[in-house]
Amino acid sequence: MNPCQSCGACCACYRVDFSIHELQEHGGTVPDGLAVELNDSLARLRGTDYASPRCAALGGRIGESVACGIYEWRPGPCHELEAGSDACQRARARHGLAPLAD
Ligand code: SF4
Ligand code: SF4
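What counts and how
- Residues numbered from 1 in each chain as written.
- Chains lettered and ligands numbered in written order.
- Predicted model: local features only at pLDDT ≥ 70, side-chain atom pairs only at ≥ 80, totals over all residues.
- Heavy atoms only, no water.
- Pairing = 2+ DSSP bridges.
- Helix = DSSP H or I, 4+ residues; strand = E, 2+ residues; numbered from the N terminus.
- Near = heavy atom within 4 Å.
- 1 Å grid on protein atoms, 1.4 Å probe; cavity = no way out; pocket = protein on both sides within 12 Å on 5 of 7 lines; lining within 4 Å.
- Sits in = over half its atoms within 2 Å of the grid points.
- Nonpolar A, V, L, I, M, F, W, Y, C, P; charged D, E, K, R; others polar.
- Buried < 20%, exposed > 50% of the residue type's maximum accessible area, 1.4 Å probe, protein only.
- Contact = heavy atoms within 4.5 Å.
- Axes fitted to C-alpha atoms, helices over the stretch in contact; angles between N-to-C directions.

Undergrad: Would you explain the pairing of strand β4 (residues 58–61) in this entry?
TA: Regular strands have side chains that alternate between both faces of the sheet. With 4 bridges joining them, β4 and strand β5 (residues 65–68) adopt antiparallel strand pairing. Residue pairing for β5: Gly59 is matched across the bridge by Ala67. Between the end of β4 and the start of β5, which pair antiparallel, lie 3 residues, with Gly63 showing a positive phi angle near 85°.

Undergrad: What am I meant to see in the site of ligand 2 here?
TA: Close to ligand 2 lie Cys11, Leu45, Cys55, Ala57, Leu58, Cys68, Ile70, Arg74 and Cys78. Judged by the fraction of its atoms near the pocket grid, ligand 2 is located in the largest pocket. Looking at side-chain class alone, the shell around ligand 2 contains 8 nonpolar, no polar and 1 charged residues.

Undergrad: Teacher, can you tell me more about the side chain of Arg92 here?
TA: Turning to its location among the elements, Arg92 is positioned in helix α2 (residues 86–94). A relative accessible area of 11% means that Arg92 is categorised as buried. Ignoring anything within four residues of it in the chain, the contact list for Arg92 reads Cys7, Ala9, Leu97, Ala98, Pro99 and Leu100.

Undergrad: Honestly, the sheet that holds strand β1 (residues 17–19) in this entry has me stumped. Any pointers?
TA: Within a sheet, each strand pairs with its neighbour through backbone hydrogen bonds, oriented either parallel or antiparallel. Read across the open sheet, the 3 strands follow the order β1-β3-β2; overall the sheet is antiparallel. Each end of this open sheet is capped by a strand with a single partner; those strands are β1 and β2 (35–37). Put simply, the sheet's adjacent strands are angled 35° from each other on average, direction ignored. Here β1 pairs with strand β3 (residues 42–45) via 3 bridges, running antiparallel. Paired with Ser19 across the strands is Leu42, a residue of β3.

Right, dumping it as structure tokens:
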């Protein structure tokens, strides 16, 4: 099973900023309601800049069972964060989860 389906830590750890061109209203795929436009070029997924961040698109319980509500339409940074990467392991540690094995 994909380890991400029982994790979700990185969706509740980092600010997720991306080009406004990835928003639906600008011809992209990310639903407009799940993001805030920061300026003329950047948007941010709602919830990812809270003191205890958690993306508004994340469903489920971190470390148990989770799902991204916009998986097929998620923005670039979500595609780029790879399971097993340093950013992944840091996010898991922040949520008290063991590092992924190689
Ligand atoms: S922190 Fe790592 S294992 Fe967890 S959801 Fe993100 S990429 Fe997947
Ligand atoms: S859009 Fe999906 S993959 Fe990206 S941070 Fe939110 S819940 Fe995670």
